[in-house]
Amino acid sequence: MVDPVPVSARAANIEYAIRDVVVPATELERQGHSILKLNIGDPIAYPGLPTPTHMVEAYAAALRSGRNGYSPSYGLPELREAIAKDERNKGWEATADDVYVCHGVTEALQLIFAAVLEPNSKVLAPGPHYPPYMAYPQMYGATTVEYKLQNRNGWRLDFDDIEAKMDDDVRLLVLINPNNPCGTVSDAGDIDRLLDIAKQYPNCIVVADEIYDGLDFSGRHVSVASRSQHVPVISLNGVSKVYYAPGWRIGYMAIHDPTQRMGLVRDGLERLLRSRLCASTPAQVGYLAGLEGDRSWMQEYGDRVMSQRNYCLERIANIEGLEVEAPGGAFYMFVRLTDERWAEDDKSFVLELLHQEHVLLVHGSGFSPELGKGHVRLVYLPGVDVLKQAFDRIEQFLLRHR
Ligand SMILES: Cc1ncc(COP(=O)(O)O)c(C=O)c1O
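In this text, all values refer to a predicted model and were calculated from it rather than measured experimentally.

1. Brief notes about the overall build of the chain
Point 1. Across its full length, the chain holds 16 helices and 14 strands.
Point 2. The C-alpha atoms of the chain give 21 Å as radius of gyration, which agrees with the globular expectation for 402 residues (21 Å, within 12%).
Point 3. When its C-alpha atoms are laid out on the principal axes, the chain stretches across 60 × 60 × 50 Å.
Point 4. Considering the chain as a whole, with its 402 residues, one finds that 56% of them fall into the buried category.
Point 5. When the accessible surface of the chain is totalled, it reaches about 16900 Å², and 50% of it is carbon and sulfur.

Set out below in structure tokens:
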């Protein structure tokens, strides 16, 4: 037996529940089983929601016309301007200089954490949350503290909990709106309350992850930056969800700095951005086509996602052992397991369901060990035919194990 070469603790500590459950599913597929996958928030993984043709053509044309070099580090100027215009339409005075194009929101997050966090800094993020908000800050010696989303109140923000957990070490206060995994949409009133709390801490920046903003079924979504008159806000968005092109890996951060306090952070971010060269040039051209082209297709896509959501709600209402707070946006439901056995062990539920019924969900504890426990996340991007089969199998499974 030879000694293995050591791995860094920071890498060994990384977990990404959404992809972790794919390992046993892939093994089952290798054995010849077909799996109904309701686990991954990738619209392209399901038939019927392709990336719009005009965007694909713009990307392909960019490749063919030789736009294969590096772009400027902060993004193509015409894309930065188009993003700024889009943000202005959401209600705040963004300029192209406020916009930095990244390899997806995920890269933007890594850069923000690198630019802001020191050992002992804290990130205050919703629980449950999208896993990188927990996984990455520890790489900088920082910790993520979760504030509560209210389990039986539509997963709304718990302001008492936020107030109790805020202190001067909280450098980033995160709002994911609409939320992954719960689908909560926080409205203007909730955002104002959050900003009022953040305002009392001068070194705190609000991170507004609005990657699902075009998938709002509640009609209540507003941009956080548009509500802030004092607090610095970094808005995050991109091509992955609302423009149905996650594999292009293009997103952005846009800095709203109403009281001009972000100069040093901006300088740090720009240094980091230059040191990683740039985001994919032809993919930026594809995103530009999406922003500048006709957007009427979005209605049809949204209607389809909404009708799939409604189908899931109907099925869940009629299955003993499941309950759900109706989501206002995104394409996720965070479903409560009411049978005691599964409520205590959502990961076993997911693994046994996978092995016995070949339906793949993600365990809620992967989105927060404490606040997500006893839940499963379901993606309602598949068509109703697939959702029907999946719910039939989930129902059988629950009956069998009652
Ligand atoms: C809340 C949230 N933010 C960011 C991302 C990833 O965004 P990107 O594809 O732009 O890296 C996801 C992906 O699921 C997400 O759910």
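Read on for the rest.
2. Focus: the sheet that holds strand 10 (residues 322-324)
Point 1. Pairing within the open sheet is antiparallel, and its 4 strands lie in the order 10-11-14-13. The strands lining the two open edges of the sheet, one partner per strand, are strand 10 and strand 13 (362-363).
Point 2. Pairing geometry for strand 11 (residues 332-337) and strand 14 (residues 375-379), over 5 bridges, is antiparallel. Residue pairing in the sheet places phenylalanine 334 in a bridge with arginine 377 of strand 14.
Point 3. Helix 13 (residues 297-317) contacts strand 10, strand 11 and strand 14 of the sheet and is inclined by roughly 5 degrees relative to strand 11.

3. Observations regarding the domain arrangement of the chain
Point 1. Per the domain assignment, the segments of the chain are domain 1 (9-50 + 297-400) and domain 2 (53-292).
Point 2. One C-alpha centre belongs to domain 1, the other to domain 2; they are set 25 Å apart.
Point 3. With 38 residues of domain 1 in contact, the opposing surface of domain 2 contributes 37 residues.
Point 4. In total, domain 1 and domain 2 occlude about 3000 Å² of area from one another, counting both sides; carbon and sulfur atoms represent 66% of this.
Point 5. Summed over the shared surface of domain 1 and domain 2, the result is 1 salt bridge.
Point 6. Arginine 152 serves as the salt-bridge partner of glutamate 323, at 3.6 Å between the closest nitrogen and oxygen.

4. Topic: the pattern of salt bridges
Point 1. If you walk through the whole model with that rule in mind, you get 26 salt bridges.
Point 2. One salt bridge in this structure joins glutamate 78 and arginine 67, with 3.2 Å as the shortest N-O distance. Here the residue glutamate 78 occupies a position in helix 5 (residues 77-89), and arginine 67 occupies one in the loop between helix 4 (53-64) and helix 5, the gap between them amounting to 11 residues.
Point 3. Judged by its relative accessible area of 31%, arginine 67 falls in the partly exposed class.
Point 4. Overlapping salt bridges, with partners in common, bring together Asp86, Glu87, Lys90, Asp213 and Arg295 in one network.

5. Some details on the layout of surface pockets
Empty pockets left among the atoms are what a rolling probe the size of a water molecule brings to light.
Point 1. Considered as a void within the structure, the largest pocket measures approximately 570 Å³ in volume.
Point 2. Contributions of two or more residues to the lining of the largest pocket are made by helix 2 (17-20), helix 6 (104-116) and helix 7 (132-135).
Point 3. A per-element tally of the lining of the largest pocket places helix 6 first, with 3 residues.
Point 4. Taken together, the residues of the lining of the largest pocket break down into 15 nonpolar, 6 polar and 7 charged.
Point 5. If you count residues domain by domain, the lining of the largest pocket takes at least three from each of domain 1 (9-50 + 297-400) and domain 2 (53-292).
Point 6. Here the second largest pocket is characterised by a volume of approximately 290 Å³.
Point 7. Surrounding the second largest pocket, 17 residues form its lining, Glu15, Met134, Ser365, Gly366 and Pro369 being those nearest its centre.

What counts and how
Residues numbered from 1 in each chain as written. Predicted model: local features only at pLDDT ≥ 70, side-chain atom pairs only at ≥ 80, totals over all residues. Heavy atoms only, no water. Helix = DSSP H or I, 4+ residues; strand = E, 2+ residues; numbered from the N terminus. Rg over C-alpha atoms; globule rule 2.2 N^0.38 Å. Buried < 20%, exposed > 50% of the residue type's maximum accessible area, 1.4 Å probe, protein only. Areas by Shrake-Rupley, 256 points an atom, 1.4 Å probe, with all protein chains shown as cover. Pairing = 2+ DSSP bridges. Contact = heavy atoms within 4.5 Å. Axes fitted to C-alpha atoms, helices over the stretch in contact; angles between N-to-C directions. Domains from an automatic or database assignment. Buried area = accessible area lost by both parts, 1.4 Å probe. Salt bridge = Lys/Arg side-chain N within 4 Å of Asp/Glu carboxyl O. 1 Å grid on protein atoms, 1.4 Å probe; cavity = no way out; pocket = protein on both sides within 12 Å on 5 of 7 lines; lining within 4 Å. Points joined across faces, edges and corners; volume = space filled by probe spheres on them. Nonpolar A, V, L, I, M, F, W, Y, C, P; charged D, E, K, R; others polar.

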